[in-house]
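# Chain and residue survey
Listed below, chain by chain, are the residues.
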Amino acid sequence: MAAHSRRFLPLGCAFVPSGSFQFVAFVTGILLNVIATAMAVPAVVDYIDGNPDWQVFLASMAVTYYVGLSLMEANRGAPRHVTLSAPASC
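A quick note: this is a predicted structure, and the numbers were derived from the prediction, not measured.

In this section: the overall build of the chain. Within the chain one finds three helices and two strands. Secondary structure elements of the chain occur, N-terminal to C-terminal, as β-β-α-α-α. When each of the 90 residues of the chain is scored for burial, the buried share is 17%. Long-range contacts, defined here as pairs at least 24 residues apart, represent 65% of the contacts in the chain between residues at least 6 apart. Accessible surface, the chain as shown: approximately 6,700 Å² in total, 70% of it carbon and sulfur.

Tallied over the entire structure, the rule returns one aromatic pair. Ring centres of Tyr47 and Trp54 lie 5.3 Å apart, and the angle between their planes is 80°; on these two criteria the pair is classed as edge-to-face. On the basis of relative accessible area, Tyr47 is assigned to the exposed category, the value being 55%.

Our next topic: a nonpolar patch on the surface. A grouping of Val44, Tyr47 and Ile48 is seen on the molecular surface, where their side chains present a nonpolar patch of about 360 Å² in accessible area. Tracing the sequence through the fold places Ile48 in helix H2 (residues 40–49).

Moving on, we come to the side chain of Asn33. Along the polypeptide, Asn33 turns up in helix H1 (residues 20–38). Setting aside anything within four residues of it in sequence, one finds Asn33 in contact with Thr64, Tyr65, Gly68, Leu69 and Met72.

Glancing now at helix H3 (residues 54–74). Taking 1.5 Å per residue as the helical rise, H3 with its 21 residues ought to reach 30 Å, and the 30 Å between its terminal C-alpha atoms agrees with that figure. Of the residues making up H3, those classed as buried are Met61, Thr64 and Gly68. The buried residues of H3 occupy an angular sector of 75° when the element is viewed end-on, so they sit on one face. Along H3, exposed side chains directed more than 90 degrees from the buried face belong to Val63 and Tyr66. Buried residues along H3 sit against H1 and H2.

The contact between H1 and H3 brings their axes to 7 Å, and the two run at 155°. By the angle class used here, H1 and H3 are roughly antiparallel. Along this stretch, H1 crosses H3, giving a crossing that reads as left-handed. Two secondary-structure elements touch here, H1 through Ala25, Phe26, Thr28, Gly29, Ile30, Leu32, Asn33, Ala36 and Thr37 and H3 through Met61, Thr64, Tyr65, Val67, Gly68, Leu69, Leu71 and Met72. Its residues assigned to classes, the contact of H1 with H3 shows eleven nonpolar, six polar and no charged.

Calculation criteria
- Residues numbered from 1 in each chain as written.
- Predicted model: local features only at pLDDT ≥ 70, side-chain atom pairs only at ≥ 80, totals over all residues.
- Heavy atoms only, no water.
- Helix = DSSP H or I, 4+ residues; strand = E, 2+ residues; numbered from the N terminus.
- Buried < 20%, exposed > 50% of the residue type's maximum accessible area, 1.4 Å probe, protein only.
- Contact = heavy atoms within 4.5 Å.
- Areas by Shrake-Rupley, 256 points an atom, 1.4 Å probe, with all protein chains shown as cover.
- Phe/Tyr/Trp six-rings, centres within 6.5 Å; stacked < 30°, edge-to-face > 60°.
- Patch = residues over 30% accessible without salt bridge, like charges linked within 9 Å, V, L, I, M, F, W, Y side chains within 5 Å.
- Salt bridge = Lys/Arg side-chain N within 4 Å of Asp/Glu carboxyl O.
- Expected span 1.5 Å × (residues − 1).
- Arc of directions from axis to C-beta.
- Axes fitted to C-alpha atoms, helices over the stretch in contact; angles between N-to-C directions.
- Parallel < 35°, antiparallel > 145°, perpendicular 65-115°, else oblique.
- Left-handed = near helix turned anticlockwise from the far one by under 90°.
- Nonpolar A, V, L, I, M, F, W, Y, C, P; charged D, E, K, R; others polar.

Right under this line is the structure:
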């Protein structure tokens, strides 16, 4: 059996599995969308209570949704094989 049975992506001097970053980024996008949805509860409560902090929650929710959806869209589908050459100093 070969020493390296999986494909590895050189990243600097460290080697990591090539498909793991795409999956992790996609799941991070999902979690960010869940967090953004949870921000709606305190925003609604502050709005009903007359507290001006609802605007901060709404702005944070919009930014979090944008980043989460961007991560999900950029990393959906089949893994892309990216190769980088290791620096000469390794």
